[in-house]
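# A closer look at the structure
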Amino acid sequence: MAGLLLFLLLAVSVVSADEDAFIGVNIGNDVSDMPSPTQVVALLKAQNIRHIRLFDADRAMLLALANTGIQVIVSVPNEQLLGIGQSNATAANWVARNVIAHVPATNITAIAVGSEVLSALPNAGPILVSALKFIHSALVASNLDRQIKVSTPHASSIILDSFPPSQAFFNRSWDPVMVPLLKFLQSTGSYLMLNVYPYYDYMQSNGVIPLDYALFRPLPPNKEAVDANTLLHYTNVFDAVVDAAYFAMSYLNFTNIPVVVTESGWPSKGDSAEPDATIENANTYNSNLIRHVRNNTGTPKHAGIAVSTYIYELYNEDLRPGSTSEKNWGLFDANGVPVYILHLTGAGTVLANDTTNQTFCVAKEGSDLKMLQAALDWACGLGKVDCSPLLQGQPCYEPDNVVAHATYAFNAYFQRMAKSPGTCDFKGVATITTTDPSHGSCVVPGSAGRNGTFVNGTSLAPSSNSTASGCDSQYLGQGSSFTSSVIIGVLVLSVVFL
């Protein structure tokens, strides 16, 4: 992917029974209106997300994450894998540029080398372990190998005959790669990264896998899947796949390598052939998965040892190619509005915030100033916002520029409209943030614990020749179309996390 290539994921980390699980979120960048790194970090902070994974090592994102304490997995993109796997010097340069340049301010804790390489880029399989070793050697040279682990995410499809889990094994054609890879992970104290998607297992099972089993819904004892070899009972697909990975490693005589799930989730919308890609099912799966991990339940094979899991994903990706479901794995739309209400009462503080009571509408960075002025004029005129706090001598007059004044007016309109979808767009020059734009004596509408100044729906707005807007009114009367501006590229529901 080009540009800001991120993959922030809900992280649920676990490498021993003594550590509690933690939650993060996964962010792809195939979004038509990708939030800036500072906006992404603001959302992470608002949601108490302390662990993320990036699909590359975007410099702007890593700088925005500096001094936040958020633990970060950076990634070597697949397109860079061949160069790194064939040259120790190239690997050292990559580490110097993308890791050493940012630590310790940015808390990088792991490097994911490639993504599903054996499935997506099999020709690079023979150099995969070399790439991991070269990256690790560069960390050793900088004395960073103890704090930063190196691994590579695998698709669960590399595990064959995954049920019963006790009979699972890796695709034997990849033994020349998997055996040295597992030796590397074991010797460096790292973990096996695995992408687990019960949604696809369910879709491809032709009715064999019940929907409830895929969604972590409670099953009666007679409906639980039982491994006849171990007599372990499995109540969900996720645990069965993770245990299949443990058994597959045991088959190759590796028994002490933890599994970290680097991707898991459920789409909230799909094509006609994907009737179970729904908001209800996505909510059920992600809520149950987070609760399952947060409770340190573990798997039947390793009870009480929580499985590190990065949930896919933070934002819907409306530009992602493929089916409708490919575009709708996100927990939020690009403006930071939740797609659905996660049922997380009692599951901890991560992603359990009421975000719609903490969101504001602000002028978007880099917007055309004339467009901002036109939108400001509309908000203070036909939008019926009381812009008198922007007049000279009033609390929100300073700083006296169109960006600051537009932010006040946009947010006042957004709050007056009850933060309804489409009311923070203004022809693309506004965006939603979780950062309160109040400053000094200027307290904006919706600011926590205070009452901002805005009019109700029956109040009269300043006329087009009034100076009460606090700004030049030359664009008044041209902006009436703003009221019909809605977000169409992504699924948007005005909801909150409980």
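Residues numbered from 1 in each chain as written. Predicted model: local features only at pLDDT ≥ 70, side-chain atom pairs only at ≥ 80, totals over all residues. Heavy atoms only, no water.

All right, on to the state of the cysteines then. Scanning the entire structure with this criterion turns up three disulfides. Here C380 is linked by a disulfide to C387, with a sulfur-sulfur distance of 1.9 Å. For the disulfide bridge between C380 and C387, the dihedral angle about the S-S bond is near -85 degrees, and by the sign convention the bridge is left-handed. As far as burial versus exposure is concerned, C380 and C387 are alike and both buried. Bridging C396 to C442, the disulfide has an S-S length of 1.9 Å. Disulfide C396 to C442: torsion about the S-S bond roughly 100 degrees, handedness right-handed. In this pair, C396 is assigned in the loop between α12 (369-380) and α13 (402-416) and C442 in the segment after β15 (430-433), connecting sequence segments 46 residues apart. Like C396, the residue C442 is buried in the burial classification. (Disulfide = S-S within 2.5 Å. Buried < 20%, exposed > 50% of the residue type's maximum accessible area, 1.4 Å probe, protein only. Helix = DSSP H or I, 4+ residues; strand = E, 2+ residues; numbered from the N terminus.)

Looking now at empty space enclosed by the protein. Counted under the stated rule, the structure contains four cavities of 30 Å³ or more. Empty space within the largest cavity amounts to approximately 90 Å³. Along the walls of the largest cavity sit 13 residues, with Q39, N335, G336, I432 and T433 positioned nearest its centre. Secondary-structure elements contributing two or more residues to the lining of the largest cavity are α1 (37-46) and β15. For the lining of the largest cavity, the two domains that each supply at least three residues are domain 1 (23-332) and domain 2 (360-433). (1 Å grid on protein atoms, 1.4 Å probe; cavity = no way out; pocket = protein on both sides within 12 Å on 5 of 7 lines; lining within 4 Å. Points joined across faces, edges and corners; volume = space filled by probe spheres on them. Domains from an automatic or database assignment.)

Our focus in this paragraph is the packing of aromatic side chains. Scanning all chains against the criterion turns up 18 aromatic pairs. Ring centres of F169 and Y251 lie 6.3 Å apart, and the angle between their planes is 40 degrees; this geometry places the pair in the tilted category. In this pair, F169 is assigned in strand β8 (residues 169-170) and Y251 in helix α10 (residues 237-251), connecting sequence segments 82 residues apart. We classify F169 as buried; its relative accessible area is 14%. Members of the aromatic cluster, each reached through a chain of ring pairs, are Y197, Y199, Y200, Y202, F216, F238, W266, Y285, Y312 and W329. Note that R172 overlies the ring of F169, its terminal NZ or CZ placed 4.2 Å from the centroid. Of note, K301 hangs over the ring of F247, and the distance from its end group to the ring centre comes to 4.3 Å. (Phe/Tyr/Trp six-rings, centres within 6.5 Å; stacked < 30°, edge-to-face > 60°. Lys NZ or Arg CZ within 6 Å of the ring centre and 35° of its normal.)

Estimated volume of the largest pocket: approximately 570 Å³. When residues of the lining of the largest pocket are assigned to their parent elements, the largest contribution, three residues, is made by α10. Here the residues of the lining of the largest pocket are counted per class, giving 14 nonpolar, five polar and four charged. (Nonpolar A, V, L, I, M, F, W, Y, C, P; charged D, E, K, R; others polar.)

Turning our attention to helix α11 (residues 279-294). Here α11 is 16 residues long and its end C-alpha atoms lie 22 Å apart, about the 22 Å a rise of 1.5 Å per residue gives. Along α11, 12 of the 16 residues are buried, which leaves the element largely enclosed by surrounding structure. Buried-residue contacts for α11 involve α8 (198-203), α9 (211-214), α10, β12 (259-264) and β13 (308-311). Following α11 by one or two positions, N296 adopts a phi angle in the positive range, close to 55 degrees. (Expected span 1.5 Å × (residues − 1). Contact = heavy atoms within 4.5 Å.)

What follows deals with the environment of D425. Turning to its location among the elements, D425 is positioned in the loop between α13 and β15. Residue D425 is classed as buried on the basis of its relative accessible area of 15%. Counting along the chain gives 62 residues from D425 to A363, while the straight-line C-alpha distance between them is 9.4 Å.

A word on the sheet that holds strand β9 (residues 192-195). In space, the four strands of this open sheet follow the order β6-β9-β12-β13, with parallel pairing throughout. Only two strands of the sheet have a single partner each, and these edge strands are β6 (153-155) and β13. Across this sheet, the average inter-strand angle for adjacent strands is 25 degrees, counted without regard to direction. Taken together, the three bridges between β12 and β13 define a ladder with parallel strand orientation. Opposite V261, over in β13, you have T309 as the bridge partner. Helix-sheet contacts for α10 involve β9, β12 and β13, and the interaxial angle to β12 is about 140 degrees. (Pairing = 2+ DSSP bridges. Axes fitted to C-alpha atoms, helices over the stretch in contact; angles between N-to-C directions.)

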